[in-house]
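Each chain is listed here by its residues.
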Amino acid sequence: MKFSNYLKADFYKLKRSNWIWIMPLILFGVVLLLYVLLFILMKLYETGEVEPDPTNTLILEASALGRSLLFTAPSESNLTILLMVACAIFVSSEFKSGMTKIRLSRGANKVGLYFSKFIMLSGVTVVYTIGTFILSAILSLCFFNLNGFTALEFGYLIRSIVLSIYINLSIISIYMMLAYLVRNMGGTIGACIGTYVVGSLFSTVAALFQEGTPVAEIFNCVPSRLLTFAGFAGEYDLAKTLELIFVPLFFIVVCNIVSIFTFKNRDVK
Amino acid sequence: MKAITTNKLTKVYKDAKVVDEVSLTLNKGDIYGLIGRNGAGKTTLLRMITGVAKPTSGSLSIYDDELELPQDEALKRIGSLIDFPSYDPSFTAYENMKFTATSIGIKDDERLKKLLICVGLDPEDNKKAKNFSLGMKQRLAIAMALIGNPKILILDEPVNGMDPTGIYEIRELLMDLNRKCDVTILISSHLLAELTKMATCYGIMSNGKLVREIRGEELNEMSRPFIRVVVDDIKKAVPILAQTFANGNDFQILPGNTIHIFKEDETISHIEDTFNMGGVKVTEVAKCDGNLEEQLISMLGGPKSHDEIF
């Protein structure tokens, strides 16, 4: 059976699924709310109705705030949560409904089916990540400003977009692995949330240690933490560059191997 | 001509042998009824045949005109409904058909619509499958199994939850597919009466084993109307039987001094007189209707008694 048929079928499923359109709308609503709240807060500071926090100077300058929100857009948890839900619906629900069983009973190849899903979800990840940047750019321009945006900054932004996509692919690999292990929607979402919480815990611990120390570097090696580094508008040192290249690659390779092994060796209910 | 054979196919889950060395033969053109109590291993056997579950040991061969095919190639010629009706609940009937067809590379949309009409579903209906009744879900699953004109159909409880009209329609559809399109069918069902209306051979499973395979004609033969006679001395009765009924198929000796006489023109009074004249006392005699369902139930070990709860 041709691999292109699996891709076509999965693309057909994506096109017909409501969640593919509903989730970006939710994302848009949440991001818009964040911009509106920050905008109101900034206006209150400007009018002097509220005293600003002296340690947080970022919010006092519209241009800096707009840039910061743009660069850190994909490291917001919203996108990660959307990817979780996408994995649970797109992979786990197919096990639960028996559609995976139907496809296998028609001679489908398990590795082919897996990669078809992975490619489709990677596509969703790319679209959602770029969409998040575009949305943040539009809202930053509307609510704040991006005055004096240089070519160098634009270069950093492009790098940030590429790195965010790359790291999000490692996140989707982890969530797909969980979906192939758990094989039901609720369980997958639960396992993904658990993983996300552990990742956040690692990020919190990493932040407690001085950057560059071995302990901090170990705790930095979680994809959600790497997302925050992806939004950095400046030069990386060699260690950070290697970390940003190899850590996501490690997660992509290992998680895909575990998923395929599990799928091939466990019976489908 | 063989369509499917299994050779000592076995499935072990943890410590439980769910299917135990099953060697089954499904011939081309047959409607093979697989029967057994709940938990006998029927569904697991069908899951292994359709490639959804891996056998622990044993082998499976699927043929096309005597040529054994590799399993993944063979599965393309098999349509199946295993365990429960599988469908995407968020899709309409047509979308489910389209998704399955796309996955196996079939583009004929008109045929998909015809299949839905054939099983009694409306291809234009926008109702999501999650809102279907159980019978509608079964119909959809059968339509999905028919995508790609399969040469073999493997159906696990296909009429579960259907109304009598639906059961009749699906039976007619399956029999038409078998007769007109030469589709070989392996079907498991708890509805024995329904199964006996279409099956041409039967496999009886018990505790994971295939305890017997029997042709439909053989079962019909065993299910002829008969006269049940109980005598006081079976040893004396045997020579009388041999003398009276030249054909050995006309009677059957069973435990408990019981004799079944299958001769249709025989009367109770003549049988009583014959035995009495030979010095054999008849203690019980009765005419019994032949019943395929009862015959199959007796092969499964007879019905469970409920006396203890009354």
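Cut-offs applied
- Residues numbered from 1 in each chain as written.
- Chains lettered and ligands numbered in written order.
- Predicted model: local features only at pLDDT ≥ 70, side-chain atom pairs only at ≥ 80, totals over all residues.
- Heavy atoms only, no water.
- Helix = DSSP H or I, 4+ residues; strand = E, 2+ residues; numbered from the N terminus.
- Buried < 20%, exposed > 50% of the residue type's maximum accessible area, 1.4 Å probe, protein only.
- Areas by Shrake-Rupley, 256 points an atom, 1.4 Å probe, with all protein chains shown as cover.
- Lys, Arg positive; Asp, Glu negative; His and termini not counted.
- Charge placed at Lys NZ, Arg CZ, Asp CG, Glu CD.
- Core = buried A, V, L, I, M, F, W, Y, C linked by side-chain atoms within 4.5 Å.
- Contact = heavy atoms within 4.5 Å.
- Polar contact = N/O pair within 3.5 Å; in protein donor to acceptor, adjacent residues only side chain to side chain.
- Salt bridge = Lys/Arg side-chain N within 4 Å of Asp/Glu carboxyl O.
- Buried area = accessible area lost by both parts, 1.4 Å probe.
- Nonpolar A, V, L, I, M, F, W, Y, C, P; charged D, E, K, R; others polar.
- Phe/Tyr/Trp six-rings, centres within 6.5 Å; stacked < 30°, edge-to-face > 60°.
- Lys NZ or Arg CZ within 6 Å of the ring centre and 35° of its normal.
- Pairing = 2+ DSSP bridges.
- Axes fitted to C-alpha atoms, helices over the stretch in contact; angles between N-to-C directions.

So, about the overall build of chain B. Across its full length, chain B holds eleven helices and 15 strands. Taken over the C-alpha atoms alone, chain B extends approximately 75 × 45 × 40 Å along its principal axes. By the burial criterion, 49% of the 310 residues in chain B qualify as buried. Of the accessible surface of chain B, which amounts to about 15,000 Å², a share of 50% is contributed by carbon and sulfur atoms. Averaged over its 38 positive side-chain charges, chain B has a centre that lies 5 Å from the centre of its 45 negative ones.

All right, on to the nonpolar core then. Residues and elements named next belong to chain A. Judged by nonpolar contacts, the single largest core of 61 residues is most densely connected at Trp19, Leu121, Tyr128, Tyr175, Met176 and Phe263. Take this core: its biggest share by element is twelve residues, from helix 7 (residues 151–182). For tryptophan 19, the residues in contact, after removing those within four places along its chain, are Leu14, Pro24, Ala86, Ile89, Phe90 and Tyr128.

This next bit is on the side chain of serine 86 of chain B. Here serine 86 of chain B is to be found in the loop between strand 7 (78–81) and helix 3 (93–103). Side chain to side chain, serine 86 of chain B and lysine 101 of chain A meet in a polar contact 3.3 Å long. Residues contacting serine 86 of chain B, with those up to four places away along its chain left out, are Ser97, Gly98, Met99, Lys101 and Ile102 of chain A together with Ala141 and Met144 of chain B.

Time to look at the pattern of salt bridges. Where charged atoms from two side chains of opposite charge come close, those side chains can pair. All names here are of chain A. Tallying each qualifying case throughout the model produces 25 salt bridges over all chains. Ionic pairing is found between glutamate 94 and lysine 13, a salt bridge with its closest N-O pair at 3.3 Å. Note that glutamate 94 is positioned in helix 4 (residues 77–97) and lysine 13 in helix 1 (residues 3–16), a separation of 81 residues in sequence. We note that glutamate 94, like lysine 13, is buried. A salt bridge links lysine 240 to glutamate 243; the shortest N-O distance between them is 2.9 Å.

Our next topic: the interface of chain B and chain A. Listed per partner, the contact involves 36 residues of chain B and 26 residues of chain A. Of the roughly 2,700 Å² buried at the junction of chain B and chain A (both faces included), carbon and sulfur atoms supply 55%. It is Val52, Phe99 and Ser103 of chain B that lose the most area in chain B upon contact with chain A, and together they represent 23% of the buried surface on that side. At the surface where chain B touches chain A, the tally comes to three salt bridges. Lysine 11 of chain B serves as the salt-bridge partner of aspartate 267 of chain A, at 2.6 Å between the closest nitrogen and oxygen. Applying the counting criterion to the chain B and chain A interface returns 15 residue pairs in polar contact (both at pLDDT 80 or more). Where the side of chain B that touches chain A is concerned, the elements lending two or more residues are strand 1 (2–13), helix 2 (71–75), strand 7, helix 3 and helix 5 (134–145) of chain B. Here the side of chain B that touches chain A gets seven residues from one element, more than from any other, and that element is helix 3 of chain B. Residue composition of the side of chain B that touches chain A, grouped by class: 17 nonpolar, nine polar and ten charged.

A separate point is the packing of aromatic side chains. Residues and elements named next belong to chain A. Going through the model one piece at a time under the given rule, you end up with 17 aromatic pairs over all chains. Taken together, a centroid distance of 5.8 Å and an interplanar angle of 85° make the contact between phenylalanine 95 and phenylalanine 263 edge-to-face. Of this pair, phenylalanine 95 sits in helix 4 while phenylalanine 263 is found in helix 11 (residues 238–265), placing the two residues 168 residues apart along the sequence. The exposure class assigned to phenylalanine 95 is buried, which follows from its relative accessible area of 7%. Ring centres 5.0 Å apart and planes at 65° place the aromatic pair tyrosine 114 and tyrosine 180 in the edge-to-face group. Placement of the pair is tyrosine 114 in helix 6 (residues 110–143) and tyrosine 180 in helix 7, with a sequence separation of 66 residues. Note on accessibility: tyrosine 114 and tyrosine 180 belong to one class, buried. Each member of the aromatic cluster is reached from another via a ring pair, and the members are Phe95, Tyr114, Phe115, Phe118, Tyr180 and Phe263. Lying across the ring of phenylalanine 263, lysine 110 places its NZ or CZ 5.5 Å from the centre.

This next bit is on the sheet that holds strand 4 (residues 31–36) of chain B. Residue and element names in this part refer to chain B. Reading across the sheet, the six strands line up as 7-8-9-4-10-11 and stay open at both edges, with mixed pairing between neighbours. Looking at which strands have only one partner, the edges of the open sheet turn out to be strand 7 and strand 11 (209–215). Averaged over all pairs of adjacent strands, the angle between their axes in this sheet comes to 15°, without regard to strand direction. Inspection of the sheet shows strand 4 paired to strand 9 (residues 184–188) by four bridges, in the parallel sense. Residue pairing in the sheet places glycine 33 in a bridge with isoleucine 187 of strand 9. The strands that helix 5 touches are strand 7 and strand 8 (152–156); relative to strand 7, the one it contacts most, it runs at about 165°.

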